Amino acid sequence: MARDAAARLDESRLAALEERIEADLALGRHDRLVPELEELVARNPLRERLHGQLMLALYRSGRQAEALDHYRRTRELLVGKLGIEPGPELKELEAAILQ
């Protein structure tokens, strides 16, 4: 029972963190977010929203090639570990960065 509660709390904490990062992105704090997002992605490699936020922060920091490379590596991870393609949000973000 305690493990279930801990898992729910951890999920809530990560969701709140993603919302805070979303707000920071909206405020233009892209450069500052990149190191934090890289660490979060390393600790939560299957969390697509964090990958998308990192891609966006990289792109808005003038690092388009790195953002696209991160998409490629994320796709390889998801296909290799789960056998699934990235979700529509990540695919749309990749397409937007390419344009």
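The preceding data block contains the structure.
Since we're looking at a predicted model, the values are computed, not measured.

Student: What exactly am I supposed to notice about the overall build of the chain here?
Tutor: Along its length, the chain carries 5 helices and 0 strands. Mapped in sequence order, the helices and strands of the chain form the string α-α-α-α-α. Expressed as lengths along the three principal axes of its C-alpha atoms, the size of the chain is roughly 50 × 35 × 20 Å. Counting all 99 residues of the chain, 34% fall into the buried class. In the chain, the proportion of contacts linking residues at least 24 apart, taken out of those at least 6 apart, comes to 51%. Accessible surface, the chain as shown: approximately 6200 Å² in total, 54% of it carbon and sulfur. The averaged location of the 19 negative side-chain charges in the chain is 3 Å from the averaged location of its 16 positive side-chain charges.

Student: For this particular structure, what's the right way to read a nonpolar patch on the surface?
Tutor: A cluster of nonpolar residues, L46, L82 and I84, forms a patch on the protein surface that exposes about 250 Å² of accessible area. Tracing the backbone shows L82 in helix α4 (residues 64-82). Given a relative accessible area of 45%, L82 falls into the partly exposed group.

Student: It is not clear to me how the nonpolar core should be interpreted in this structure. Could you clarify?
Tutor: Across soluble globular proteins, nonpolar side chains have a tendency to be buried as a group. Membership of the largest hydrophobic core comes to 19 residues, with the highest contact counts inside it found for I21, L25, L37, L50, L54 and M55. For this core, the elements supplying multiple residues, two or more each, are α1 (2-26), α2 (30-43), α3 (48-60), α4 and α5 (88-98). Aside from chain neighbours lying at most four places away, what touches M55 is A67, H70, Y71, L90, L93, E94 and I97.

Student: Is there a simple way to explain the layout of surface pockets in this structure?
Tutor: The probe, sized like a water molecule, is rolled over the atoms to show the empty space still left. Of the voids in this model, the largest pocket is the one considered here, and its volume is about 220 Å³. Residue lining of the largest pocket: E22, L25, E48, R49, G52, Q53, L56, E89, L90 and L93, and that is the complete set. Mapped onto the lining of the largest pocket, the elements with two or more residues apiece are α1, α3 and α5. In terms of residues, the lining of the largest pocket owes the most to one element, α3, which gives 5 residues. Tallied by class, residues from the lining of the largest pocket come to 4 nonpolar, 2 polar and 4 charged.

Student: Would you mind showing me how to read the side chain of R47 here?
Tutor: Within the fold, R47 resides in the loop between α2 and α3. A relative accessible area of 17% means that R47 is categorised as buried. One polar contact links R47 to E11, side chain to side chain, over a distance of 3.0 Å. Sequence-distant contacts of R47, that is, excluding residues within four places in its chain, are made with E11, L14, A15 and E18.

About the thresholds
- Residues numbered from 1 in each chain as written.
- Predicted model: local features only at pLDDT ≥ 70, side-chain atom pairs only at ≥ 80, totals over all residues.
- Heavy atoms only, no water.
- Helix = DSSP H or I, 4+ residues; strand = E, 2+ residues; numbered from the N terminus.
- Buried < 20%, exposed > 50% of the residue type's maximum accessible area, 1.4 Å probe, protein only.
- Contact = heavy atoms within 4.5 Å.
- Areas by Shrake-Rupley, 256 points an atom, 1.4 Å probe, with all protein chains shown as cover.
- Lys, Arg positive; Asp, Glu negative; His and termini not counted.
- Charge placed at Lys NZ, Arg CZ, Asp CG, Glu CD.
- Patch = residues over 30% accessible without salt bridge, like charges linked within 9 Å, V, L, I, M, F, W, Y side chains within 5 Å.
- Salt bridge = Lys/Arg side-chain N within 4 Å of Asp/Glu carboxyl O.
- Core = buried A, V, L, I, M, F, W, Y, C linked by side-chain atoms within 4.5 Å.
- 1 Å grid on protein atoms, 1.4 Å probe; cavity = no way out; pocket = protein on both sides within 12 Å on 5 of 7 lines; lining within 4 Å.
- Points joined across faces, edges and corners; volume = space filled by probe spheres on them.
- Nonpolar A, V, L, I, M, F, W, Y, C, P; charged D, E, K, R; others polar.
- Polar contact = N/O pair within 3.5 Å; in protein donor to acceptor, adjacent residues only side chain to side chain.

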